[in-house]
Structures are given as structure tokens and as C-alpha cells.
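The lines below spell out each chain.
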Amino acid sequence: MPAAVPADTYAGQVLVPAEWRRTHPGPYTITISVLVDDEWVTRFGADAQKQAYAIVAAANQYFEPAAIKLRPALYAIWQSQDGASSLQQLLDQVDGSHHPSSADITVALTAQYSGPEGGIAHPDHRHIVVKHHPYRPDHDAFVLAHEIGHALGLSHHHCPHEYCLMSDHAYDPRQHWCPDHYRLLEENGGYFQYLSSLSA
């Protein structure tokens, strides 16, 4: 069971025991299965994979200071549910039909524009859906970083710091991790390695 978060933190859940962290200081690599839907392929054509990997690379810059590297391990095209009314419906589809296999996280990128949400992460920490923002494509990487933050135990921004990447509204390119979220990111950076050690 994850340890409780100290009362003076706002960041989220501690997922990795301190004892394990002491003997496994990192750096850590999070492997990602990257799925793109048919609308994504229609939009980007021959550059669909290149565009998807560029988003992962751009999101990676937010994790590098915490000694975490995001690495694509698989690329595939998936048939998303046409006309989905929410990203939750797409997440349910990804969770039910696509599994991360040897990768830590499955990230599904969609070019459908229904619903106001930009991204969503499954409570299992293993599945994420991110919607392409056609008028602000730079947002795709911020949203992906935000959702991977959830996969690493970070909660929405409820701390007193401004410009936190874990804000639950108004993603802004100037945002970064606030001190509380950054500290928790460092603590949980090895979460997937920790899970692997439990099953070894």
C-alpha cells in the first residue's frame, strides 16, 4: 500500500517506499507504447509517427531535471471510436484492447476534437489518452507531461504555487513543476522499476 503523503504537501501520492529509493537512486527510464488513431494518420500522413515521437520528446524535457527519461518503445495505429463524446470513452477502449506489454505506459494520441478535455490518465497508471490541439500544437507535449505526472502519482494543482504544470485548467507553455510536485516526481520517478522489482 502506498505511503501516506505528509499533511503539509499538496502534490499527490507517494508510490515508492523510501527504503527502495535509497538503494535505487536512478536515473529512471519510462518506456512508452505510442498509439495513434486513424484520424491522427489522416492529419499527419507520412509524418504521423515522427509527429507522435516529437511530442514524447518535447514532454521529456520536463522530466529530465528529475532524472527521468521518456523513451518510445513501440509505435502502432489503433482504430479509435469515431464520434466519441469524451476522452473517457477512448480511454476505456485503449484500456480494454491495448496493453503496455513490455512498456510501462501506453499513450494513445487522437486527432478527434470532441469534448473539452485535453487528456486523461487511467487510475491504473498505465494508460493515457491525449487529444491533439490543432490551433496550439505545443499544448500536446504539456498535456502529455501532465498526464504522465498523474501516472507517477501527482494530483491536480492544489498547492499555493503559480504556473504549476499539474494545474487542472488553462495549460500554459510557461508552466513548470511547482516545488511540491517536483519533489514528489523525484520520489516516484522509479515507480515502474519498483513495480518490476515486486514481480521479480
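Residues numbered from 1 in each chain as written. Predicted model: local features only at pLDDT ≥ 70, side-chain atom pairs only at ≥ 80, totals over all residues. Heavy atoms only, no water.

Draft legend 1. Focus on the pairing of strand 3 (residues 105-110). Counting buried positions over the six residues of strand 3 gives six, a clear majority of the element. Neither face of strand 3 is open: one carries Ile105, Val107 and Leu109, the other Thr106, Ala108 and Thr110, and all of them are buried. Here five bridges tie strand 1 (residues 28-37) to strand 3, and the two strands are oriented parallel to one another. Opposite leucine 35, over in strand 3, you have alanine 108 as the bridge partner. (Buried < 20%, exposed > 50% of the residue type's maximum accessible area, 1.4 Å probe, protein only. Helix = DSSP H or I, 4+ residues; strand = E, 2+ residues; numbered from the N terminus. Pairing = 2+ DSSP bridges.)

Draft legend 2. Representation of the sheet that holds strand 3 within the structure. Strand order across the open sheet formed by five strands is 2-1-3-5-4, with mixed pairing between neighbours. Two strands in the sheet have a free side with no partner beyond their single neighbour: strand 2 (68-78) and strand 4 (119-121). Averaged over neighbouring strand pairs, the angle between their axes works out to 20° when direction is ignored. Direction of pairing for strand 3 relative to strand 5 (residues 127-131): parallel, over a ladder of five bridges. Counted as the bridge partner of threonine 110 is lysine 131 from strand 5. Here helix 3 (residues 48-60) sits on the sheet and contacts strand 1, strand 2 and strand 3; the angle it forms with strand 2, its principal contact strand, is near 155°. (Axes fitted to C-alpha atoms, helices over the stretch in contact; angles between N-to-C directions. Contact = heavy atoms within 4.5 Å.)

Draft legend 3. Focus on the pattern of salt bridges. Per the stated rule, a full pass over the model turns up one salt bridge. A salt bridge links glutamate 187 to arginine 183; the shortest N-O distance between them is 3.5 Å. With glutamate 187 and arginine 183 both in helix 6 (residues 179-188) and four residues apart, this pair spans about one turn of that helix. (Salt bridge = Lys/Arg side-chain N within 4 Å of Asp/Glu carboxyl O.)

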